[in-house]
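A structural walkthrough
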Amino acid sequence: MLIVSPARRATSVLALVTALVFAAAAPGAPAPEHPAEPFFPRGGNRGYEVSHYGVSLDYQPRSGLLDARDVIEARATTGLRRFSLDLYGLKVTAVSVDGEPAQYSRGRGKVKVVPATPILAGEPFSVALRYHGVPRKVIDPDGSTEGWYRTSDGAVAVGEPVGTAAWLACDNVPRDKAGFDIEITVPAGVKAVSNGRLVSRHTLKSGQVRWSWSEPHPMATYLALVDIGAGKLVQGHVGKLPTWTLVDPRLVKASRAAIDSLPEIIRWESRIYGPYPFSAAGSVVDVANLQYALETQSRPIYAFAPNRTTVVHETAHQWFGDSVSLERWPNIWLNEGFATWTQWYFAEQHGGRSAQQVFAELYRRPASQTGFWNPPPGHPGQAKNLFAVSTYVRGAMTLQALRDKIGTPDLLRILRTWATEHRYGNADIEEFIALANRVSGEPLRGFFHRWLFERGKP
Ligand code: ARG
Ligand code: ZN
């Protein structure tokens, strides 16, 4: 469906002519400047990089209807006559590029945009979209769900690995990180929470309340958070770091101990991994039919009352996953292995079993009880294995085996250097192996090959 108002035809013909003129510099199908996502070949878009999303959502919990405006600041990495964005479902009603109405069409999870004037390589540009509808859930290759969930008192949006495109038109790959300003307008009486700092809360003439959140640090789209629901939004701080926490009233009691330990966990992880990467923190606990928690940037969400070890895990992701992000999804070990090992090490340092004991117990399990060796964590093979037990368990065992080989100080030095050198960026497993070799001064390629890439018990 291509929607062009007659008044726009003139500009689009001009666009076509201009495009022909620029054809040599702006080939129709530019080569991808980084390899596509092997697990989600339809995710992500060529030819630009996003620097900022300015999102304005208006949500009606009663009908489930979302009305959205999305302003994307991007830079062309090649000449662009056309480009696309990821968006699942929803009805797009307007698209403009640099203030000029643009042609657009839909298809297979995309909004395809033809700007009135082609964009030159290297140029910054902005895209404004309006769309509305009832956003959907997304079923993952492993059968789990993400995307937009209606809850009894509002909604929850979680997006790992690809669900954010259920409500946000975006470049939906972890490689393309951007700052986010998300404002959410909801009826009075419910709260609306997102990533980063609460910039303002404003009651409109209509009686609705607009909540404006800002996450200035680069964020992968899958880490965007929307939570709408009842509860008390509690503001606090960890030293100078402001925190905002919203817990569903039904889960307040059961969550209290774990949620209250966030400051201690942030301090402890900052001590071992270096300064907390973001300028806000907090937690969201909501009743949603999700089986997991998610490390949404600066403010993880728990779809159940978490225990302390889960908070340790999601908080560790703020360094490993959120600040240092995956180059591509098959690198998932860099997130889950690291967050799981942090749980073990935290327990060890707080009077629990040592990580080595946990490792030894797992390592000696009889073959009949070891669902965690395959697929090897460095090579999950398919999207449905992203969150396989082996990603977490064998993934954490890999770091513990490394610790056993090179010693605790060198392992911690590697993890800290990793968090520092790639802060706010993206990195892959090869770079981690190179860093481990460099920091430890030991040749570790054989070790990593065995632990990360070979099937079966290493
Ligand atoms: N990253 C989350 C964690 O900390 C898991 C997310 C799982 N997502 C999914 N769609 N199954 O463990
Ligand atoms: Zn995790």
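Owing to the predicted nature of the structure, the values given are computational and were not obtained by experimental measurement.

1. Description of the overall build of the chain
Tallying secondary structure elements over the chain gives 10 helices and 23 strands in all. In terms of its C-alpha atoms, the chain occupies a principal-axis envelope of roughly 70 × 55 × 40 Å. A total of 458 residues make up the chain; the buried ones form 59% of that total. Put simply, 69% of the contacts in the chain that link residues at least 6 apart link residues at least 24 apart.

2. Digging into the coordination of the zinc ion (ligand 2)
The coordination sphere of the zinc ion (ligand 2), as far as protein atoms go, consists of His313 (NE2), His317 (NE2) and Glu336 (OE), spread over 1.9 to 2.0 Å. When the donors of the zinc ion (ligand 2) are listed by position in the chain, the intervening gaps give H-x3-H-x18-E. With His317 in helix H4 (residues 308-319) and Glu336 in helix H5 (residues 333-349), this pair connects stretches of sequence that are 19 residues apart.

3. Notes on the site of ligand 1
Near ligand 1 lie 13 residues; those nearest to it are Asp140, Ser144, Glu160, Glu295 and Tyr392. The side chain of Ser144 places a nitrogen or oxygen atom 2.8 Å from a nitrogen atom of ligand 1. For ligand 1, an oxygen atom lies 3.1 Å from a polar atom in the side chain of Glu314. For ligand 1, the accessible surface in isolation is 350 Å², of which the surrounding protein chains cover 93%. Contributing elements (two or more residues each) for the shell around ligand 1: strand E20 (293-294) and H4.

4. Some thoughts on the nonpolar core
One finds Phe125, Trp167, Trp341, Phe432 and Phe448 to be the most contacted residues of the largest nonpolar core, which totals 140 residues. Not counting residues up to four positions away in its chain, the partners in contact with Phe125 are Tyr48, Ile72, Glu73, Ala74, Arg75, Ala76, Leu80, Phe83, Val97, Asp98 and Ile119.

5. Quick look at H4
End to end, H4 covers 18 Å across 12 residues, agreeing with the expected 16 Å (1.5 Å per residue, within 8%). Counting buried positions along H4 yields 10 of 12 residues, so the element is predominantly enclosed. Phi for Gly321, located one or two positions after H4, is positive at around 130 degrees.

6. So, the sheet that holds strand E21 (residues 301-302)
Spatially, 5 strands are ordered E17-E18-E19-E21-E20 in an open sheet, and the strand pairing comes out mixed. Taken across any chain shown, the strands that pair with only one partner, and hence form the sheet edges, are strand E17 (232-238) and E20. One ladder, built from 7 bridges, connects E17 with strand E18 (residues 241-247); its direction is antiparallel. Bridge assignment links Val238 to a residue of E18, and that residue is Leu241.

7. Details of the sheet that holds strand E3 (residues 83-86)
The strand order across the open sheet built from 3 strands is E3-E7-E6, with neighbouring strands paired in antiparallel fashion. In this open sheet, the two strands that pair with only one neighbour each are E3 and strand E6 (103-107). Each strand of the sheet is rotated relative to its neighbour by a mean of 25 degrees, with strand direction disregarded. As paired strands, E6 and strand E7 (residues 110-114) are joined by 5 bridges and run antiparallel to one another. Paired with Tyr104 across the strands is Val113, a residue of E7.

8. Some thoughts on unusual backbone geometry
Leaving glycine aside, a negative phi is the common case for residues, and trans is the common case for peptide bonds. Backbone torsion omega between Glu160 and Pro161 reads 5 degrees, so that peptide bond is classified as cis. Its location among the elements puts Pro161 in the loop between strand E11 (154-158) and strand E12 (178-186). The phi angle at Leu90 is positive, at roughly 70 degrees, despite the residue not being glycine. Among the secondary structure elements, Leu90 is positioned in the loop between E3 and strand E4 (91-97). For Asp98, which is not a glycine, the phi torsion comes out positive at approximately 50 degrees. Inspection of the secondary structure assignment puts Asp98 in the loop between E4 and strand E5 (100-101).

9. What about the pairing of strand E10 (residues 145-151)?
Where burial is concerned, most of E10 is hidden: 6 out of the 7 residues are buried. Taken together, the 3 bridges between strand E9 (residues 137-139) and E10 define a ladder with antiparallel strand orientation. For Ile139, the partnering residue across the bridge sits in E10 and is Thr145. Hairpin geometry of E10 and E11 is characterised by an intervening segment of 2 residues between the two adjacent antiparallel strands.

10. Some details on helix H2 (residues 252-260)
What H2 keeps buried is the set Ser255, Ala258 and Ile259. The arc that holds the buried residues of H2, viewed along the axis, is 95 degrees, so those residues lie on one side. Looking at H2, the residues exposed on the side facing more than 90 degrees away from the buried face are Lys253, Ala257 and Asp260. Elements that come into contact with the buried residues of H2 comprise E18, helix H3 (262-273), strand E19 (281-285), E21 and H4.

Rules and cut-offs
Residues numbered from 1 in each chain as written. Chains lettered and ligands numbered in written order. Predicted model: local features only at pLDDT ≥ 70, side-chain atom pairs only at ≥ 80, totals over all residues. Heavy atoms only, no water. Helix = DSSP H or I, 4+ residues; strand = E, 2+ residues; numbered from the N terminus. Buried < 20%, exposed > 50% of the residue type's maximum accessible area, 1.4 Å probe, protein only. Contact = heavy atoms within 4.5 Å. Donors = N, O, S within 2.8 Å, 3.2 Å for Na, K, Ca; no water. Near = heavy atom within 4 Å. Polar contact = N/O pair within 3.5 Å; in protein donor to acceptor, adjacent residues only side chain to side chain. Areas by Shrake-Rupley, 256 points an atom, 1.4 Å probe, with all protein chains shown as cover. Core = buried A, V, L, I, M, F, W, Y, C linked by side-chain atoms within 4.5 Å. Expected span 1.5 Å × (residues − 1). Pairing = 2+ DSSP bridges. Axes fitted to C-alpha atoms, helices over the stretch in contact; angles between N-to-C directions. Arc of directions from axis to C-beta.

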